[in-house]
Amino acid sequence: MDATHRPVISATGLYTPPETVTNAELVDSFNEYVRRHNAEHADAIAAGNRPALEPSSVEFIEKASGIKSRHVVDKASVLDPGTMCPRIPERANDELSIMAEVGVTAARQALERAGRAPGQVDAVLCAASNMQRAYPAMAIEIQHALGIDGFGFDMNVACSSATFGIQTAADYIRAGNARSVLVVSPEITSGHLNWRDRDSHFIFGDVATAVLVEDAELAPADHWDILGTKLKTVFSNNIRNNFGFLNRAAPEGAGQPDKLFVQEGRKVFKEVVPMVAAMIVEEADRLGIDPRSLRRLWLHQANAGMNRLIAQKVLGHEASEDESPTVLDTYANTSSAGSIIAFHQHSGDLVAGDTGIICSFGAGYSAGTVFVRKAG
């Protein structure tokens, strides 16, 4: 079969953990932690030597983010006021790791939807905000579990990892170095969230997505042409996680909040919204696309207010739910997987010729756009 060197999205896959944590459950747990903490340090608080922790509320969470619930791989430990983080037992080296397990589930769904056998896939990219280990690469473990004879590697561009992975896969297709590439994004974000921080304890949820990027000659009839991709990074400390292999070289920092997710939310909002909106409009112009004609925007699912403003700047009017669908309310922020979940769940109703954009943005700062058109 001859290659066209024209990349398309053949199919997507999604794994959703079965357990859900509602805002009410999360608030009950957090406020019990606050009660215990303030009682334990009552004397220091009364003396003015330690600030009292403030309780959270469902109203605060939904106003700040638009999130109503999230899926997690371990609900009981996250909600235990004495633990407040997932507990995932270590597995033996000859067992499939949990990150690979959820990634493989999403990947198999994408392969099945495309009618593709693993032996027909050339490469696996594991594109996610955190990796379970340094090596062997998670991508290689996923590749092995699926039975793919090719190559794989990990890549991390935080919340933009999936779109960066799609462009990387598309570039392999364009260059003729591969004809079928799986971009897998297992996001167990509950592991890096500080569930004891009032300003962010509600933000993240767990999930895994997969995107099958292929040469048009190989793709099924029902696919999405990739019209163009664009990536951008700008250094910023406003979203940061300092956890890494050199932490053991500075033991005085062990257990500090900066070893988990931290952000300056207001600064992020102010700086990222105009950057992403301008990037979308400029890239649409380069591709000869009127941004106001975009049928659907599958945006990164971090904050409802950010998405509303970005969509308005791109479309020239306040977007409807049909134009810019939301999955944030039930999935929360799933880092790089968010825009892919939106695309996976809200693209089946579009018809041949409809044009849309998959867009992610986050820590780095990083932003990625993938313009697609439903094939006829």
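Look up: the structure comes first, before these words.
Asker: Help me out: how do you make sense of the overall build of the chain in this one?
Answerer: Across its full length, the chain holds eleven helices and 13 strands. The principal-axis extent of the C-alpha atoms belonging to the chain is close to 75 × 55 × 35 Å. Counting over 376 residues, the chain shows a buried share of 52%. Partitioning the intrachain contacts of the chain with sequence separation of at least 6 by distance along the chain shows that 78% fall at a separation of at least 24. Roughly 16,600 Å² of accessible area belongs to the chain as shown, and the carbon and sulfur atoms make up 49% of that amount. Positive and negative charge centroids in the chain, built from 34 and 46 side chains respectively, lie 4 Å apart.

Asker: Could you clarify how one ought to interpret the nonpolar core in this entry?
Answerer: Buried together is how nonpolar side chains tend to be arranged in soluble globular proteins. Core analysis: the largest hydrophobic core is formed by 46 residues, its most contacted members being Val 276, Ile 280, Leu 294, Leu 297, Ile 310 and Phe 361. Mapped onto this core, the elements with two or more residues apiece are helix H1 (23-40), helix H4 (75-79), helix H8 (265-286), strand E11 (296-299), helix H9 (304-315), strand E12 (355-362) and strand E13 (366-374). When residues of this core are assigned to their parent elements, the largest contribution, eight residues, is made by H8. Setting aside chain neighbours within four positions, we find Ile 310 in contact with Val 273, Val 276, Ala 277, Ile 280, Leu 299 and Phe 361. With 33 residues, the next largest nonpolar core counts Ala 127, Trp 298, Ile 341 and Val 370 among its residues.

Asker: For this particular structure, what's the right way to read the pairing of E11?
Answerer: Alternating positions in E11 separate into two faces, Arg 296 and Trp 298 on one and Leu 297 and Leu 299 on the other, with burial throughout. As paired strands, E11 and E12 are joined by four bridges and run parallel to one another. Across the sheet, the residue bridging to Arg 296 is Gly 356, located in E12.

Asker: Can you walk me through the environment of Thr 4 in this structure?
Answerer: Among the secondary structure elements, Thr 4 is positioned in the segment before strand E1 (7-15). Residues Thr 4 and Ala 216 lie 212 residues apart in sequence; the distance between their C-alpha atoms is 6.4 Å. A distance of 3.1 Å separates the side chain of Thr 4 from the backbone nitrogen of Arg 6, its partner in a polar contact. A distance of 2.9 Å separates polar atoms of two side chains, one belonging to Thr 4 and the other to Asp 215.

Asker: Quick question: what am I supposed to make of the environment of Ile 173 here?
Answerer: Along the chain, Ile 173 turns up in helix H7 (residues 161-175). Note: C-alpha distance between Ile 173 and Gly 82 (91 residues apart in sequence) is 49 Å.

Asker: Just checking my understanding: could you explain the packing of aromatic side chains for this structure?
Answerer: To describe a pair of aromatic rings, you give the distance between the ring centres and the angle between the ring planes. All told, the structure shown has seven aromatic pairs when counted by the stated rule. Centroid distance Phe 60 to Phe 202: 5.8 Å. Interplanar angle 90°. Geometry classified as edge-to-face. Placement of Phe 60 in helix H3 (residues 58-65) and of Phe 202 in the loop between strand E6 (180-188) and strand E7 (206-215) is noted, with a sequence separation of 142 residues between them. Judged by relative accessible area, which is 23%, Phe 60 ranks as partly exposed. Seen in terms of ring centroids, Phe 151 and Tyr 172 are 5.5 Å apart; in terms of plane orientation they differ by 75°. Their pairing is edge-to-face.

Asker: Which parts of the structure should I look at to understand the pattern of salt bridges?
Answerer: If you walk through the whole model with that rule in mind, you get 15 salt bridges. Between Glu 101 and Arg 91 there is a salt bridge, with the nearest N and O atoms lying 2.9 Å from each other. With Glu 101 in helix H5 (residues 98-114) and Arg 91 in the loop between H4 and H5, this pair connects stretches of sequence that are ten residues apart. Glu 101 sits in the partly exposed class, given a relative accessible area of 35%. Asp 290 serves as the salt-bridge partner of Arg 292, at 3.2 Å between the closest nitrogen and oxygen. Assessed through its relative accessible area of 57%, Arg 292 is described here as exposed. Sharing partners across several salt bridges, the network here consists of Arg 295, Arg 296, Asp 322 and Asp 349.

Asker: Which parts of the structure should I look at to understand the sheet that holds E12?
Answerer: Pairing between the strands of a sheet comes from backbone hydrogen bonds, and it takes one of two forms, parallel or antiparallel. Spatially, E5-E4-E6-E7-E1-E8-E13-E12-E11 is the arrangement adopted by the nine strands of the open sheet, whose pairing is mixed. A strand with exactly one partner marks an edge of an open sheet, and here the two such strands are strand E5 (151-155) and E11. This sheet shows a mean twist of 25° between the axes of neighbouring strands, independent of strand direction. Bridge count for strand E8 (residues 224-233) against E13 is nine bridges, and the pairing is antiparallel. Bridge pairing in E13 places Lys 230 opposite Thr 369.

Asker: When you look at the packing of H1 against H3 in this model, what are you seeing that I'm missing?
Answerer: The packing of two helices is summarised by the inter-axis angle and the distance between the axes. Interaxial distance between H1 and H3 falls to 9 Å at its minimum, and their mutual angle equals 120°. Comparing the axis directions of H1 and H3 gives the class oblique. Considering the relative orientation of H1 and H3, their crossing is right-handed. Across the interface between the two elements, Asn 23, Ala 24 and Val 27 from H1 touch Val 58, Ile 61 and Glu 62 from H3. Considering only residue class, the contact of H1 with H3 consists of four nonpolar, one polar and one charged.

Asker: Is there a simple way to explain helix H11 (residues 338-345) in this structure?
Answerer: Three or four residues apart is the spacing at which side chains of an α-helix point the same way, because the helix has 3.6 residues per turn. H11 sits mainly inside the fold: seven of its eight residues count as buried. Every buried residue belonging to H11 is among Gly 338, Ser 339, Ile 340, Ile 341, Ala 342, Phe 343 and His 344, and all of these are buried.

What counts, and at which threshold
- Residues numbered from 1 in each chain as written.
- Predicted model: local features only at pLDDT ≥ 70, side-chain atom pairs only at ≥ 80, totals over all residues.
- Heavy atoms only, no water.
- Helix = DSSP H or I, 4+ residues; strand = E, 2+ residues; numbered from the N terminus.
- Buried < 20%, exposed > 50% of the residue type's maximum accessible area, 1.4 Å probe, protein only.
- Contact = heavy atoms within 4.5 Å.
- Areas by Shrake-Rupley, 256 points an atom, 1.4 Å probe, with all protein chains shown as cover.
- Lys, Arg positive; Asp, Glu negative; His and termini not counted.
- Charge placed at Lys NZ, Arg CZ, Asp CG, Glu CD.
- Core = buried A, V, L, I, M, F, W, Y, C linked by side-chain atoms within 4.5 Å.
- Pairing = 2+ DSSP bridges.
- Polar contact = N/O pair within 3.5 Å; in protein donor to acceptor, adjacent residues only side chain to side chain.
- Phe/Tyr/Trp six-rings, centres within 6.5 Å; stacked < 30°, edge-to-face > 60°.
- Salt bridge = Lys/Arg side-chain N within 4 Å of Asp/Glu carboxyl O.
- Axes fitted to C-alpha atoms, helices over the stretch in contact; angles between N-to-C directions.
- Parallel < 35°, antiparallel > 145°, perpendicular 65-115°, else oblique.
- Left-handed = near helix turned anticlockwise from the far one by under 90°.
- Nonpolar A, V, L, I, M, F, W, Y, C, P; charged D, E, K, R; others polar.

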